[in-house]
Amino acid sequence: MNFRDFWYVVAASKDLTKDKPASAQVLGEWLALFRGADSKAVALEDRCLHRCARLSKGTIREGRLQCAYHGWVYDGEGRVVHVPSEGPNNAKAADNKMYSFRRARTFAVCEVDDYVYVRLADSPAEELKPFPIPYYKAEGWASIRLKNLFKNNVTNCVENFVDIPHTAFVHPRIFRVTKNEKLTARVERRSGSVVVSYRNERANLGWFSRFLNPGGREITHTDSFHMPNVTSVDYIFGENRRFIITSQSVPLTDCETLVYTDLTYNYGMWNLLARPIIRRQAQTIIDQDVEILGDQMEAIKRYGSRFANTEADVIHVFIESIRAELERGADPRLLPDKTVEIEFWV
Ligand code: FES
Ligand SMILES: [Fe+2]
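Residues numbered from 1 in each chain as written. Chains lettered and ligands numbered in written order. Predicted model: local features only at pLDDT ≥ 70, side-chain atom pairs only at ≥ 80, totals over all residues. Heavy atoms only, no water.

### Quick word on the sheet that holds strand β3 (residues 29–35)
Quick reminder of the rule: Note on pairing: DSSP must find at least two bridges between two strands before they are called paired. Numbering of helices and strands runs from the N terminus, with a helix taken as a DSSP run of H or I at least four residues long and a strand as a DSSP run of E at least two residues long. Angular values range over 0 to 180 degrees, each being the angle between N-to-C directions of two axes fitted as lines to C-alpha atoms, with helices fitted over their stretch in contact.
In spatial order, the strands read β1-β10-β9-β4-β3-β2; together these six strands make up an open sheet with antiparallel pairing. A strand with exactly one partner marks an edge of an open sheet, and here the two such strands are β1 (7–12) and β2 (22–26). On average, each strand axis in the sheet is inclined to that of its neighbour by 35 degrees, with strand direction left out of account. Relative to strand β10 (residues 115–119), β1 is paired through five bridges, and the arrangement is antiparallel. The partner of tyrosine 8 across the bridge, within β10, is valine 118.

What follows is the structure, given as structure tokens:
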């Protein structure tokens, strides 16, 4: 099992049209995406077989992709079905044995929850599924989608998304303020996931608390990481209010990660009214993380990533252990289950 066995978001379904190809990157692979004749999403290696022009710069006609350089035409299976310089008779090219080597590399594609996912491995160790976005389009629930480029790797991004101590410093007031309150949590590593259950968390959620939890109700807060790249931050306020942030961190290269964030919540009549405010606040918070994580990567490039850990960092150490297993081609679900109680102050 390794990183290439998993599904990664490469586009929002609505952004993949029948008019123009799109480009994407996953784990250093360049992809040209388009909708084939049957409207199905197609992912080709973003390199023309002829002279290596980028296929994503081409055009789409009738579900076929035409390279912008000399006009070679590819179908939804990556087969070259027309080569203009070979004259009108080469329409048969796809059936002709002589041309059978003319087939671009394709990758498996699927669409779930209005995302287009690509898997790089042809024959993965096992058939895995994309992580389902909780309550996506469920009745009574609203969702907001954001996409942001982080100049850092997936490990540091996912750690940031489930890191509480940084919030009071990077997002002062908007998210949390330093109050020297003690938080306790149980951190469990099992089956390729890390689940953090917080106790005695009060309404120290800065600006958000006034909207999220106006009555100051008891908060059930659970953060989790799911291999290889998904985090979930889940707040339950009282009986019928819940706010879930699902982040999918897609590795473009070793130091660039494209993060797709879904904010899903059930706030009754506020579902629509609060939408622009939630979107703006969430984007402000993410912008602050983009900046600090960009700086972190610069320092790591110069000095390497030797980290010093506190008790609150057990969460990160568990996440790193799971990602390290995948890095060496092993199945993280075989790591022994571990549970640790931690306490820290915010
Ligand atoms: S490089 Fe694509 S047709 Fe020549
Ligand atoms: Fe943050």
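Right, picking up where we left off after that structure.
### A word on the coordination of the iron ion (ligand 2)
Where we set the bar: Because water is not among the atoms used, a metal site may look incomplete, as its donors are only the N, O and S atoms within 2.8 Å, or 3.2 Å for Na, K and Ca. Angular criteria define each label, namely tetrahedral for four donors with all angles between 85 and 135 degrees, square planar for four and octahedral for six donors with opposite donors over 155 degrees apart and remaining angles between 65 and 115, and irregular for whatever fails these tests. Throughout, exposure labels follow a simple rule: accessible area from a 1.4 Å probe, protein chains only, divided by the maximum for the residue type, with under 20% read as buried, over 50% as exposed, and the rest as partly exposed.
Distances from the iron ion (ligand 2) to its protein donors, His166 (NE2), His171 (NE2), Asp289 (OD) and Asp289 (OD), fall at 2.0 to 2.3 Å. Between the four donor atoms coordinating the iron ion (ligand 2), the angles at the centre fall across 58 to 145 degrees, so the site counts as irregular. The exposure class assigned to histidine 166 is buried, which follows from its relative accessible area of 14%. Histidine 171 sits in the buried class, given a relative accessible area of 1%.

### Here we look at the packing of aromatic side chains
For any pair of aromatic rings, geometry is given as the distance between the ring centres together with the angle between the planes. To keep it simple, the criterion reads: Pairing of aromatic side chains here covers Phe, Tyr and the six-membered ring of Trp, requires ring centres within 6.5 Å, and sorts the geometry by plane angle: under 30 degrees stacked, over 60 edge-to-face, intermediate tilted.
All chains considered together, the criterion is met by eight aromatic pairs. Relative to phenylalanine 161, the ring of phenylalanine 150 has its centre 5.6 Å away and its plane inclined at 75 degrees; by these criteria the two rings are edge-to-face. Of this pair, phenylalanine 150 sits in strand β11 (residues 142–150) while phenylalanine 161 sits in helix α1 (residues 154–161), and the two are eleven residues apart along the sequence. Among the residues examined, phenylalanine 150 registers a relative accessible area of 1% and is labelled buried.

### With respect to the environment of valine 158
What counts is decided by this rule: For this analysis, residues touch if any pair of their heavy atoms sits within 4.5 Å.
Tracing the backbone shows valine 158 in helix α1. Between the alpha carbons of valine 158 and phenylalanine 225 there is a distance of 7.6 Å; along the sequence they are 67 residues apart. In this structure, valine 158 is in contact with Phe225, Asn229, Thr231, Ser249 and Ile319, ignoring residues within four places of it in sequence.

### Things to note about the pairing of strand β16 (residues 241–253)
Note that strand β15 (residues 230–237) and β16 share eight bridges and pair antiparallel. Within β16, the position partnered with aspartate 234 by the bridge is isoleucine 244. What sits between β15 and β16 in their antiparallel hairpin is a turn of three residues, with glycine 238 showing a positive phi close to 60 degrees. As paired elements, β16 and strand β17 (residues 256–266) share eleven bridges and run antiparallel to each other. Each residue of the ladder has a partner; that of threonine 253, found in β17, is glutamate 256. Hairpin connection, β16 to β17: the antiparallel pair is bridged by two residues.

### Description of the domain arrangement of the protein chain
Our working definition: What fixes the domain bounds is an automatic or database domain assignment. Accessible-area loss on putting two parts together, using a 1.4 Å probe and summing over both, is the definition of buried area adopted here.
Each domain of the protein chain was delimited in the assignment, giving domain 1 (3–119) and domain 2 (142–345). When each unit is reduced to the centre of its C-alpha atoms, the spacing between domain 1 and domain 2 is 35 Å. Each partner contributes to the interface: domain 1 provides 14 residues, whereas domain 2 provides 15 residues. A buried area of about 1,300 Å², summed over both sides, lies between domain 1 and domain 2, and 60% of it is on carbon and sulfur atoms.

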